[in-house]
Amino acid sequence: MSLRVAVVGAGPAGIYASDLLIRNEEHDIHVDLFEQMPAPFGLIRYGVAPDHPRIKGIVKSLHNVLDKDKLRLIANVTVGRDVTIDDLRDYYDAVVLSTGAVRDRELLIPGGDKSIGAGEFVGFYDGNPRFERDWNLEAKEVAVVGVGNVALDVSRILAKTGDELAVTEIPDNVYESLKNNKAETVHMFGRRGPAQAKFTPKELRELDGSDTIQVLVDPEDIDYDELSEQVRRSDKSVDLNCQVLEQYAMREPDGSPHKIYIHFFEEPVEVLTEGDAIVGIRTERQELDGNGGIRGTGKFTDWPVQQVYHAVGYRSEPVEGVPFDLQRHVIPNDGGHVLVSADEGAGVEDKLYVTGWIKRGPIGLIGNTKSDAKETTDMLVADAAAGRLAAPSHTGADDIFDLLRERGVDYATWEGWYKLDEAERALGAADPNFPRERKKIVEWDEMLGHSRAGQ
Ligand SMILES: Cc1cc2nc3c(=O)[nH]c(=O)nc-3n(C[C@H](O)[C@H](O)[C@H](O)COP(=O)(O)OP(=O)(O)OC[C@H]3O[C@@H](n4cnc5c(N)ncnc54)[C@H](O)[C@@H]3O)c2cc1C
């Protein structure tokens, strides 16, 4: 059997799904991978922190996947706007959606609208052309609400010096802002205890990896009830987190110019403002209730901070023409096959599949998207083999490009990424002060300009 599949979203989920499809040994499957940005790799490029080169290095193995004849990258195309889902149904045997999650969840407390979503800051420092280019880094004391890995990233980037980050792929405008960053103290807040924190131990340990940063935890915040102890015994990561946090709690403050305080059992209840300016954050002390939950103690603390970020989760956006579960912010699906609605007993959509964060919500690491992709592509292939997919009306391999040209869609290709990649590497190597592997190009038109070079 021969199949042509459209995969929408060139993040890790879409690339792993494409890889599984083109490597299928029983069927001859070709994939067109659509991506709205001029560059592939999703949150690896525009989410993973610049001082995580090892994770960014995953790009190398994903690059090898994309470098295959049976896979074509069609970038700078937004599905739902430039081409519709029904167009893709007309041009392909099946469609896999892997559009991820880009929006921040809101901080729903009084004054919470003054808090900046972590994703906005990540978009800035990772050079995403859709986000701000200039960043206000005047605050000496900053609050970060949340105790997960994204909160760690934001706190670490705020606490590091510009020069420590200059050796990474950050663009010049980001370096210029970070060089003038005034932050000295970062307060992270979690409403529950150390055993409930969502960090992964490696990232938590790494927070302390800079000579200019000291991480501190109040010994009073190290508290476990019976249920927390049980979780520690059954989950190695939780236990490791607790051990690291206990070490941080045993320290005395030293002369490090930047401090990160991780506070537990402090639930932010209000961002305090005077006019437009943030002057603090109020928290209510919580205590463990013995049943795996917490309860407020009525004891409030005001922490003087001039800027607040919240890292309380990402949220997916609907794709035009595709069912969306507004409660869970995912595309409703049964093991990866898109359902017509989130209602119980709903039937499946013809030819539509889903994988990655848009399938199961914004939780988990890059590696988790692999198993996801397997479940989804297995189902797609089984449906195709059983004759359950309607045949497309356009069958020519290049018909899709005729459609894009007809619509005036300025698409970019895999060959274009090679050129852009080369330009970013050359820029990094040529930096007079901090020569490095890559420096990102931010402006959309400039990225496309490099993709088109020589055409
Ligand atoms: C700030 C942050 C830091 C992280 N750090 C790490 C880390 O250090 N290590 C780790 O293992 N994991 C990390 N993760 C998690 C990791 O990024 C995710 O597990 C992974 O990216 C999810 O993959 P995905 O393909 O589902 O989504 P994404 O990576 O978001 O990819 C989705 C892609 O779809 C594209 N797209 C969306 N809509 C459309 C459309 N309509 N048309 C065309 N294209 C579209 C997007 O542009 C994007 O390229 C981090 C996540 C965040 C948010």
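This structure is a prediction, so every number in the text was calculated from the model and none was measured.

1. Points about the overall build of the chain
Line of reasoning, step 1. For the chain, the helix and strand inventory stands at 17 helices and 19 strands.
Line of reasoning, step 2. Computed over its C-alpha atoms, the radius of gyration of the chain comes to 24 Å, within 12% of the 23 Å expected for a compact globule of 455 residues.
Line of reasoning, step 3. A principal-axis box enclosing the C-alpha atoms of the chain has dimensions of 70 × 60 × 40 Å.
Line of reasoning, step 4. Across the 455 residues of the chain, 56% fall into the buried class.

2. A closer look at the site of the ligand
Line of reasoning, step 1. In the region of the ligand, 32 residues are neighbours, and Ala13, Glu35, Gln36, Leu43 and Trp357 sit closest.
Line of reasoning, step 2. In the model, an oxygen atom of the ligand is placed 3.5 Å from a nitrogen or oxygen of the His52 side chain.
Line of reasoning, step 3. Here the ligand loses 93% of its free accessible area of 1000 Å² to cover by the protein chains.
Line of reasoning, step 4. Among the elements of the structure, helix H1 (12-22), helix H2 (42-46) and helix H7 (149-159) are those that each provide at least two residues to the shell around the ligand.
Line of reasoning, step 5. Broken down by class, the residue content of the shell around the ligand amounts to 17 nonpolar, 13 polar and two charged.
Line of reasoning, step 6. Taken domain by domain, the shell around the ligand gets at least three of its residues from each of domain 1 (2-101 + 316-410) and domain 2 (103-314).

3. Quick notes on the packing of aromatic side chains
Aromatic ring pairs are reported here in terms of the distance separating the ring centres and the angle at which the planes meet.
Line of reasoning, step 1. One pass over the structure, following the stated rule, counts 12 aromatic pairs.
Line of reasoning, step 2. For the ring pair Phe41 and Trp417, a centre distance of 5.6 Å and an interplane angle of 75° mean the geometry is edge-to-face. Of this pair, Phe41 sits in the loop between strand E2 (28-35) and H2 while Trp417 sits in helix H16 (residues 414-430), and the two are 376 residues apart along the sequence.
Line of reasoning, step 3. Accessibility expressed as a relative area gives 3% for Trp417, which makes it buried.
Line of reasoning, step 4. Ring centres of Phe121 and Trp135 lie 5.4 Å apart, and the angle between their planes is 40°; on these two criteria the pair is classed as tilted. With Phe121 in helix H6 (residues 118-125) and Trp135 in the loop between H6 and strand E7 (141-145), this residue pair connects regions lying 14 residues apart in the sequence. Here Phe121 matches Trp135 in class, with each residue buried.
Line of reasoning, step 5. By the ring-pair criterion, three or more aromatic residues cluster together here, those being Phe121, Phe124, Tyr125, Trp135 and Tyr309.

4. Remarks on the UniProt feature "binding site: NADP(+)" (unreviewed entry) in the chain
Line of reasoning, step 1. The residues that UniProt annotates with the feature "binding site: NADP(+)" (unreviewed entry) are Arg191, Arg192, Glu203 and Gly364.
Line of reasoning, step 2. Mapped onto the elements, Arg192 comes out in the loop between strand E8 (185-189) and helix H10 (201-206).
Line of reasoning, step 3. By relative accessible area, Gly364 is classed as partly exposed at 36%.

5. Some thoughts on the domain arrangement of the chain
Line of reasoning, step 1. Taken domain by domain, the chain comprises domain 1 (2-101 + 316-410) and domain 2 (103-314).
Line of reasoning, step 2. For domain 1 versus domain 2, the separation of C-alpha centres amounts to 33 Å.
Line of reasoning, step 3. Between domain 1 and domain 2, the contact holds 18 residues from the first and 21 residues from the second.
Line of reasoning, step 4. The junction of domain 1 with domain 2 conceals about 1700 Å² of combined surface from both sides, 53% of it contributed by carbon and sulfur atoms.
Line of reasoning, step 5. Contact with domain 2 buries surface across domain 1, with Tyr46, Pro50 and Asp51 losing the most and accounting together for 35% of the total.

6. Describing the packing of helix H11 (residues 226-234) against helix H12 (residues 236-249)
When two helices pack together, their arrangement is captured by the angle between the axes and the distance separating the axes.
Line of reasoning, step 1. One way to put it is that H11 packs onto H12 with a least axis distance of 5 Å and a crossing angle of 110°. In terms of their interaxial angle, H11 and H12 are classed as roughly perpendicular. Where H11 abuts H12, its residues Val231, Arg232 and Ser234 lie against Lys236, Val238, Asp239, Cys242, Gln243 and Glu246.
Line of reasoning, step 2. Looking at the contact of H11 with H12, its residues break down into three nonpolar, two polar and four charged.

7. Points about the pairing of strand E3 (residues 71-75)
Look at any regular strand and the pattern is simple: side chains alternate between the two faces of the sheet.
Line of reasoning, step 1. Among the five residues of E3, four are classified as buried, and the element is accordingly described as predominantly covered.
Line of reasoning, step 2. Two strands pair when backbone bridges link them, and E3 and strand E19 (residues 412-413) are joined in this way by two bridges, in the antiparallel orientation. Paired with Ala75 across the two strands is Ala412, which belongs to E19.

8. Quick word on the UniProt feature "binding site: FAD" (unreviewed entry) in the chain
Line of reasoning, step 1. With numbering matched to this structure, UniProt assigns "binding site: FAD" (unreviewed entry) to Ala13, Glu35, Leu43, Val79, Trp357, Gly364, Leu365 and Ile366. These annotated residues cover 354 residues of sequence, and their C-alpha atoms reach 24.8 Å apart at the extreme, placing them across more than a single site.
Line of reasoning, step 2. Examined against the element boundaries, Ala13 turns out to sit in helix H1.
Line of reasoning, step 3. Of note, Leu365 is situated in the loop between helix H13 (357-360) and helix H14 (368-385).

9. Here we look at the nonpolar core
Line of reasoning, step 1. Counting residues in each nonpolar core, the largest one holds 50 residues, and the members touching the most others are Phe121, Leu158, Phe199, Tyr248, Ile262, Phe264 and Tyr309.
Line of reasoning, step 2. Contributions of two or more residues to this core are made by H6, E7, H7, helix H9 (172-179), E8, strand E9 (213-217), H12 and strand E10 (258-263).
Line of reasoning, step 3. Three or more residues apiece are contributed to this core by two domains, here domain 1 (2-101 + 316-410) and domain 2 (103-314).
Line of reasoning, step 4. If we ignore the near neighbours within four places in the chain, the residues touching Phe264 are Val147, Gly190, Arg192, Gly193, Pro194, Ala197, Phe199, Val217, Asp221, Leu245 and Arg285.
Line of reasoning, step 5. In this structure, Tyr46, Tyr353, Ile366 and Leu389 belong to the second largest nonpolar core, which totals 43 residues.

Parameters and conventions
Residues numbered from 1 in each chain as written. Predicted model: local features only at pLDDT ≥ 70, side-chain atom pairs only at ≥ 80, totals over all residues. Heavy atoms only, no water. Helix = DSSP H or I, 4+ residues; strand = E, 2+ residues; numbered from the N terminus. Rg over C-alpha atoms; globule rule 2.2 N^0.38 Å. Buried < 20%, exposed > 50% of the residue type's maximum accessible area, 1.4 Å probe, protein only. Near = heavy atom within 4 Å. Polar contact = N/O pair within 3.5 Å; in protein donor to acceptor, adjacent residues only side chain to side chain. Areas by Shrake-Rupley, 256 points an atom, 1.4 Å probe, with all protein chains shown as cover. Nonpolar A, V, L, I, M, F, W, Y, C, P; charged D, E, K, R; others polar. Domains from an automatic or database assignment. Phe/Tyr/Trp six-rings, centres within 6.5 Å; stacked < 30°, edge-to-face > 60°. UniProt positions renumbered as here; feature names shortened; annotations may be inferred. Contact = heavy atoms within 4.5 Å. Buried area = accessible area lost by both parts, 1.4 Å probe. Axes fitted to C-alpha atoms, helices over the stretch in contact; angles between N-to-C directions. Parallel < 35°, antiparallel > 145°, perpendicular 65-115°, else oblique. Pairing = 2+ DSSP bridges. Core = buried A, V, L, I, M, F, W, Y, C linked by side-chain atoms within 4.5 Å.

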